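Letter by letter, the chains look like this.
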Amino acid sequence: MTNVSAQTAGLDTAPPGATQDVWDTAAIRRGHLRVRTLVNVRWMVIGGEVALLIAMAFGLRYVAPYELCAAVVAAGAAVNLITARISPQQRVMGDREAVVQLCIDLVQMSLLLALIGGTANPFILVLLAPVTLAAATLPLRPLVVVGAVASALSMALAVVSLPYPDILLPVEFRLTAGVANVAGIALVASFIRQSVVEAARMALALDVTQTVLAREQRLSALGGLAAAAAHELGTPLATISIVAKEMAREAQTPNVKEDAELLIAQAERCREILRRLSATPEKATDEVHERLSLRQLVQEVIEPHANASKEVRVEAIVTGAKDVKTPDIHRRPEIVHAFTTFVENAVDFARSEILVSARFDADTITVEVRDDGPGFAPEVLAKLGEPYVTTRPGAEGSRTGHIGMGLGFFIAKTLLERTGAVVTFHNAKPRGAVVSARWKRSELEVV
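What you see is a predicted model; the values in this text were computed from it and never measured. Just so you know, the residues in each chain are numbered from 1, in the order the chain's sequence is written. Where totals are concerned, whole chains, interfaces and linings use all residues; where local detail is concerned, this predicted model gives features only for residues with pLDDT of at least 70, and gives and counts side-chain atom pairs only at 80 or more. As a rule here, side-chain values cover all heavy atoms of the structure and leave hydrogens and water aside.

### Observations concerning the pairing of strand β4 (residues 353–360)
The cut-off we apply is this: DSSP-based pairing: two strands are paired if at least 2 bridges between them are found. Numbering goes from the N terminus for both helices and strands, where a helix is a DSSP run of H or I of at least four residues and a strand is a run of E of at least two.
Direction of pairing for strand β2 (residues 313–320) relative to β4: parallel, over a ladder of eight bridges. Bridged to Ile-317 within β4 is Ser-357. Hairpin geometry of β4 and strand β5 (residues 364–371) is characterised by an intervening segment of three residues between the two adjacent antiparallel strands.

If you want it as structure tokens, here you go:
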């Protein structure tokens, strides 16, 4: 928990049974352009082209080869009709097919623009439509191909086109307009691509968080079920044991006595199993299992790591304001999981000591994990809690050398925030890293 690698490696443990696909970041690089999306966008572009030609012909009364323009628009409509008819609307196109389809659109738009002024026509911006669609739905390489084709056609339209009606612009202006359109293509494509990638990465990370939370909830439910079983079955087992002892004392034949003693032994075995299931005092009943003290919380957090390393001592303390009652809190698997993984990460990078502390006053409850390691790296401190915060290929300086995906802090922070916590990360003085979560007392306390 104490440097770049600590933030991104020590906490990245996939839940048991999770498939590799869930953790496969390559999923965000797969194309997902559906036929229906392409067809709908094409109809919008074709509608805009028709409106433009009608405005030029009847509104502005410009002279242009409208028959050829109409033929180009009709060809685009025919291609779109064929695409819609021969392919299922929900089908996702392959990358090559998508590139070919979008390049056909670029050629169709360029032919129309070449007949009505090329780069002198302000509607040259229509070439952004296929590039925008590629940026939103295709991987990087197909996007680069579509963007290159659009840029090449933009520059070609600067020198190969019929003059804009009633206006003869110098070639320098047309070239400048072409360069401006290329710059616009690059800027818009980069902006949309970055937004889509970030959204996809966030969605994937949230899916992983949901998987972890579902696992913790299942484990918590099993713990509650075991506690309830231990409590509810204790009385009938005791009754069976008493009756069996009476039968053994009053048995008139060896066989009956032997059977009664077998019942006593098996009942005792069942009671021993139930005692192990409810080994901790706070799980004596299902109702009690759902609540725990702050001391029980910090002990539960450090328990898996108390003897994890002979080099690191893990301790827990609870402190509170004077004359303020120590609260009992709701058992929340999100809190236990998040702080358990924080401690796990701290064990990997601490020099000799980790302190898990819980503090309370009349209004708030704070739980904190503090270690004496080198601390968070300054360049990533502001990014902690975001998914995939990884800046080094390895985990130098850690005890395990584990290399993660940068999801651990994101998962833990998300789980804590869902419980109403305000989560902060900072470096202690003179050294060490600190992770802290603060709640309003009313959000956690069992009344």
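### Quick look at the pairing of strand β6 (residues 422–427)
As defined by bridge partners, β6 adjoins strand β7 (residues 433–440) across six bridges and the pair is classed as antiparallel. The residue of β7 that forms the bridge with Phe-425 is Val-435.

### A look at the packing of helix α11 (residues 333–349) against helix α13 (residues 408–418)
Put simply, the rule reads: Axes, fitted as lines to C-alpha atoms, cover a helix only where it is in contact. Angles between the N-to-C directions of the axes lie from 0 to 180 degrees. Left-handed describes a crossing whose near helix is turned anticlockwise from the far helix through less than a right angle; right-handed describes the clockwise counterpart. Contacts between residues were defined by any pair of non-hydrogen atoms, one from each residue, lying within 4.5 Å. Residue polarity is assigned by list, with Asp, Glu, Lys and Arg as charged and Ala, Val, Leu, Ile, Met, Phe, Trp, Tyr, Cys and Pro as nonpolar; anything else, Gly included, falls into the polar class.
In the contact formed by α11 and α13, the axes pass within 8 Å of each other and the chain directions differ by 150°. Between α11 and α13 lies a crossing whose hand is left-handed. For the pair formed by α11 and α13, the contact residues are Glu-334, Ile-335, His-337, Ala-338, Phe-339, Thr-341, Phe-342 and Asn-345 on the first element and Phe-409, Ile-411, Ala-412, Leu-415 and Leu-416 on the second. Looking at the contact of α11 with α13 residue by residue, the class counts come to nine nonpolar, three polar and one charged.

### Brief notes about the nonpolar core
Worth spelling out the cut-off: For this analysis, a nonpolar core means a set of buried residues of the types Ala, Val, Leu, Ile, Met, Phe, Trp, Tyr and Cys, connected via side-chain atoms within 4.5 Å. The buried label applies to any residue whose accessible area, calculated with a 1.4 Å probe on protein chains only, is under 20% of its type's maximum; exposed applies above 50%, and partly exposed to all values in between.
Residues Phe-339, Phe-342, Leu-416 and Trp-439 are the most contacted members of the largest nonpolar core, which totals 39 residues. Aside from chain neighbours lying at most four places away, what touches Phe-339 is Val-301, Val-367, Glu-368, Val-369, Leu-416, Ala-437 and Trp-439. Core analysis: the second largest hydrophobic core is formed by 29 residues, Cys-103, Ala-114, Ala-135 and Ala-150 among them.

### Re the sheet that holds β6
Backbone hydrogen bonds are what pair the strands of a sheet, in a parallel or an antiparallel way. Here we have five strands laid out as an open sheet, ordered β2-β4-β5-β7-β6, and mixed in their pairing. The open sheet has two edge strands with one neighbour each: β2 and β6. Each strand axis lies, on average, 15° off the axis of its neighbour in the sheet, ignoring direction. Each of β2, β4 and β5 touches helix α10 (residues 294–302); the most contacted strand, β2, lies at about 165° to it. Each of β6 and β7 is contacted by α13, which is oriented at about 140° to β6, the strand it contacts most.

### What about the pattern of salt bridges?
Put simply, the rule is: Just to be clear on terms, a salt bridge is a Lys or Arg side-chain nitrogen sitting within 4 Å of an Asp or Glu carboxyl oxygen.
Evaluation of the coordinates by the stated rule reveals eleven salt bridges. A salt bridge links Asp-105 to Arg-42; its shortest N-O distance comes to 2.7 Å. Pair noted here: Asp-105 is in helix α4 (residues 95–115) and Arg-42 is in helix α2 (residues 35–59), with a separation of 63 residues, a long-range link. Classification of Asp-105 by relative accessible area gives buried; the value is 9%. Notably, a salt bridge pairs Glu-334 with Arg-332, separated by 3.8 Å at the nearest N-O pair. Its relative accessible area of 8% is what places Glu-334 among the buried residues. Taking relative accessible area as the criterion, Arg-332 reaches 24% and is therefore assigned partly exposed.

### What about the environment of Ser-293?
Looking at the element boundaries, Ser-293 is found in strand β1 (residues 291–293). The class for Ser-293 is buried, based on a relative accessible area of 18%. Each C-alpha atom of the pair Ser-293 and Glu-445 lies 9.4 Å from the other, and the pair is 152 residues apart in sequence. Every residue in contact with Ser-293, bar those within four places of it in the chain, is listed here: Pro-327 and Asp-328.

### Structural notes on α13
Within α13, nine of the eleven residues are buried, leaving the element largely enclosed by the surrounding structure. Within the sequence span of α13, burial applies to Gly-408, Phe-409, Phe-410, Ile-411, Ala-412, Lys-413, Thr-414, Leu-415 and Leu-416.

### As for unusual backbone geometry
The amide bond that connects Lys-429 to the next residue, Pro-430, takes the cis arrangement and shows omega of 5°. One can find Pro-430 in the loop between β6 and β7. For Arg-61, which is not a glycine, the phi torsion comes out positive at approximately 55°. In this structure, Arg-61 sits in the loop between α2 and α3 (66–86). According to the relative accessible area criterion, Arg-61 is exposed, its value standing at 65%. The backbone phi angle of Asp-323 is positive, close to 65°, even though this residue is not glycine. Looking at the secondary structure, you find Asp-323 in the loop between β2 and β3 (328–330). Relative accessible area serves as the criterion here: at 77%, Asp-323 is assigned to the exposed category.

### Here we look at the packing of aromatic side chains
Counted only if it meets this: Ring pairs shown here join Phe, Tyr and Trp side chains whose ring centres sit within 6.5 Å, with only the six-membered ring taken for Trp; geometry is labelled stacked below 30 degrees between planes, edge-to-face above 60, and tilted in between.
Scanning all chains against the criterion turns up three aromatic pairs. With a centroid separation of 5.7 Å and an interplanar angle of 75°, the aromatic rings of Phe-339 and Phe-342 are classed as edge-to-face. A residue pair is termed a helical-turn pair when its members lie 3 or 4 positions apart in one helix, as Phe-339 and Phe-342 do in helix α11 at three residues. Judged on exposure class, the residue Phe-339 and its partner Phe-342 are both buried. For the ring pair Phe-376 and Phe-425, a centre distance of 6.3 Å and an interplane angle of 85° mean the geometry is edge-to-face. Linking Phe-376 in the loop between β5 and α12 (378–381) with Phe-425 in strand β6, this pair joins segments that are 49 residues apart in sequence. Under the relative-accessibility criterion, Phe-376 is labelled buried at 3%. The class for Phe-425 is buried, based on a relative accessible area of 13%. Cluster of aromatic residues (ring-pair linked, three or more members): Phe-339, Phe-342, Phe-376 and Phe-425.

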